[in-house]
Amino acid sequence: MSKNLTDRELVELIDADMSDFSGLEDSDVDENVEEIDKSLAEFDEEEDFVLSDSEDIEENGNVDSISNSKYFTLQKNQIKWQQKPFTPPTINLNDLNEAEPPTYLYDPIYYFSKYFDDKEFDKMAYFTNLYATQQNSTRFKPTTSSEIRDFIAIHMVMGALKMPRVRMYWEKDTYINLVAETMPRNRFFSLRTHFHVVDNMEIPKNNNDKFFKIRPLFEIIKKRCSEIPVERNLSVDEQMIPFKGHLSIKQYIRGKPNPWGIKTYLLCGQSGLVYNLILYQGNMIEVDDDLKKTFGVGGAVVISLTENLKPNCHYLTMDNFFTSFNLFYTLQKKQIYATGTIRTNRFNNPPFLSDKEMKKMGRGTTFEISSDIPDVNLGLVKWYDNKPINLCSNVVASGKVDTIKRWDRINKKYVYIDQPEIVGHYNNTMGGVDKHDQLVSLYRCFIKSKKWTLRMVSHAFEMAVSNSWLEYVNDAKQLKIKKKDTLDLLGFRMRLAKELILLGKTVITPSRKVGRPSSRISPNLQEKLFSPLEKKKK
């Protein structure tokens, strides 16, 4: 159980020198994850580091002039706290939207075609040929949608095999049939040079969208993601697309597996499925300007990503870059049950115990307060493990205290400490974006090119493959197919690459007669590729 304090002890401990601790990243909740030190000395040009007081007020809209009932916001001087336990709301969650139960477990290409179908490959072929014409590339032979599918499939194979040089797939000693016999090496590099998904001549003169050249690919993914039934537990976090070349929208986030790159914001389920995304470019055109003025960049991203969620259906988790008082207040009004780590200066410096005093009281100490504002029901918890952690929620606080096992570095042994319910809830629901990022990184095809557009194109298809596999796994679970009879991500990826290459191709079959083999088109080949792997017996 947590250590209880008397009123007199609280008066003695709470002094004017309250800690201005600004919160921790979500990874700080888990002791196995390295601490991310957010300091102004390392603040480059993006919002992922601790802001000064004036910058924090500007970014998060906590100024006296803000009064926007549409978004349920309060002025900073209206935020008040009381030293009373949080009273959790009574929750009766509505049923989730569920897709029709699957009849069969289909081949990988069936799931992938929900993201990129034949029409999309036709468009890619058209714009690739158009760009070659505009560049007067006389040596470039016009491509087709079938060849574009081969081009994408080869990248999938390369991501799985990961040879150190692209040319090795065609060399004699390291020859890979699936790659070399599908497309000549020079043709592969020619397609990579000319690949386009838009008409460059149509870029507006006053274009404010820096992702114009690759925007259609991510809009296709976003459209399909919006059609997938949403899970109960959701999380919002950042994802980095690795890139170290010269690029104005390139970001640096310390502590990420790939700290340099292009940043995206994702809304993911606990399984790792992506349901919504936003590409970050400073002035994000997907996010309303009023939202950014009211909630800052982080809060505006959360509101935008969750705008289509059904009320009273979901638990949402995020880290302290996104959280603010007005964001939790707005999510409470929208009946989205949110939890996250916080920076205390965005909550009008609530009357927490100082870090020094909590350290004296020992690991497992919990201090809880709640909002003292009519119609606002938020709870704040400060918990001390190896370091203090500040969290906020509109659904849970200390709740049922759990006992967890931790390593004591001083005494060189394991000890058991108290953990409030909000910490366990945060840990269990926060990892969706990290899981998706892990799936993408397992077999990512690294493109050694100065063109950031190629890296973004490759990442778009990686996201589609990961989401397709997760949909495939969900169907397998509903059909109660054994795990050993389903494809893992690597098997799914390789099967998908083969099916993309075979789709619409002429199949060479040996003749029964003595002599040269005959060539014929396999009947119903496309139907065969979409046939189920497992059929239910009638």
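See the structure above.
Residues numbered from 1 in each chain as written. Predicted model: local features only at pLDDT ≥ 70, side-chain atom pairs only at ≥ 80, totals over all residues. Heavy atoms only, no water.

Caption draft 1: Inspection of the packing of helix H13 (residues 432-442) against helix H14 (residues 452-478) at higher detail. Here H13 crosses H14 at 115°, and the two axes come no closer than 9 Å. The pairing of H13 with H14 is recorded here as roughly perpendicular in orientation. When the axes of H13 and H14 are compared, the crossing they make is right-handed. Within the contact between the two elements, H13 uses His436, Leu439 and Val440 and H14 uses His459, Glu462, Met463, Ser466, Asn467, Trp469 and Leu470. (Axes fitted to C-alpha atoms, helices over the stretch in contact; angles between N-to-C directions. Helix = DSSP H or I, 4+ residues; strand = E, 2+ residues; numbered from the N terminus. Parallel < 35°, antiparallel > 145°, perpendicular 65-115°, else oblique. Left-handed = near helix turned anticlockwise from the far one by under 90°. Contact = heavy atoms within 4.5 Å.)

Caption draft 2: Spatial organisation of unusual backbone geometry. Positive phi, normally seen in glycine, also occurs at Asn348, with a value near 60°. One can find Asn348 in the loop between strand S8 (337-341) and helix H11 (355-361). Note on Asn348: relative accessible area 28%, which makes it partly exposed. Look at Lys412: it is not a glycine, yet its phi comes out positive at around 55°. The exposure class of Lys412 is exposed, given its relative accessible area of 60%. (Buried < 20%, exposed > 50% of the residue type's maximum accessible area, 1.4 Å probe, protein only.)

Caption draft 3: How the structure looks around the pairing of strand S5 (residues 260-269). The element S5 is largely enclosed, with a buried count of nine among its 10 residues. For strand S3 (residues 233-242) and S5, the ladder comprises nine bridges, and the chain directions are antiparallel. In the strand pairing of S5, Val236 is matched with Leu267. Across two bridges, the pairing between strand S4 (residues 251-252) and S5 is antiparallel. Looking at the pairing, Gln251 lines up with Gly261 of S5. (Pairing = 2+ DSSP bridges.)

Caption draft 4: Representation of the environment of Pro85 within the structure. Along the chain, Pro85 falls in the loop between strand S1 (81-82) and strand S2 (105-106). With 314 residues separating them in the primary sequence, Pro85 and Gly399 have C-alpha atoms 9.3 Å apart. Pro85 has contacts with Glu368 and Ser370, leaving out every residue within four places of it along the chain.

Caption draft 5: Looking closely at the pattern of salt bridges. Per the counting criterion, the structure on display carries 14 salt bridges. Note that Arg224 and Glu227 form a salt bridge whose closest N and O atoms lie 3.3 Å from each other. The class for Glu227 is partly exposed, based on a relative accessible area of 45%. Between Asp355 and Lys382 there is a salt bridge whose closest N-O contact spans 2.5 Å. Here Lys382 lies in strand S10 (residues 379-384) and Asp355 lies in helix H11, a separation of 27 residues in the sequence. According to the relative accessible area criterion, Asp355 is partly exposed, its value standing at 22%. (Salt bridge = Lys/Arg side-chain N within 4 Å of Asp/Glu carboxyl O.)

Caption draft 6: Focus on helix H10 (residues 325-333). Within H10, seven of the nine residues are buried, leaving the element largely enclosed by the surrounding structure. The inward-facing, buried residues of H10 abut S1, helix H9 (289-305), strand S7 (315-318), S8 and strand S11 (388-393). Positioned one or two residues after H10, Gln335 has a phi angle of 60°, which is positive.

Caption draft 7: Spotlight on H9. In a regular helix each residue adds 1.5 Å, so 17 residues correspond to 24 Å; H9 covers only 15 Å between its end C-alpha atoms and thus falls short of that length. If you look at H9, its biggest bend is around 120°, right at Gly296. Counting buried positions over the 17 residues of H9 gives 14, a clear majority of the element. In this structure Asp288 caps H9, since a side-chain oxygen of it lies 3.0 Å from the backbone nitrogen of Asp290. (Expected span 1.5 Å × (residues − 1). Bend = angle between axes of the 7 residues up to and from the residue. Polar contact = N/O pair within 3.5 Å; in protein donor to acceptor, adjacent residues only side chain to side chain.)

Caption draft 8: Representation of the packing of aromatic side chains in the model. A full pass over the atoms with the stated rule returns 26 aromatic pairs. Geometrically, the ring pair formed by Trp81 and Phe325 is edge-to-face, given 5.8 Å between the ring centres and 85° between the ring planes. In this pair, Trp81 is assigned in strand S1 and Phe325 in helix H10, connecting sequence segments 244 residues apart. Residue class for Trp81 comes out buried when judged on its relative accessible area of 13%. Residue classification places Phe325 among the buried positions, given a relative accessible area of 0%. Considering the side-chain rings of Tyr265 and Phe322, the 5.8 Å spacing of their centres and the 75° angle between planes classify their relative orientation as edge-to-face. Here the residue Tyr265 occupies a position in strand S5, and Phe322 occupies one in the loop between S7 and H10, the gap between them amounting to 57 residues. (Phe/Tyr/Trp six-rings, centres within 6.5 Å; stacked < 30°, edge-to-face > 60°.)

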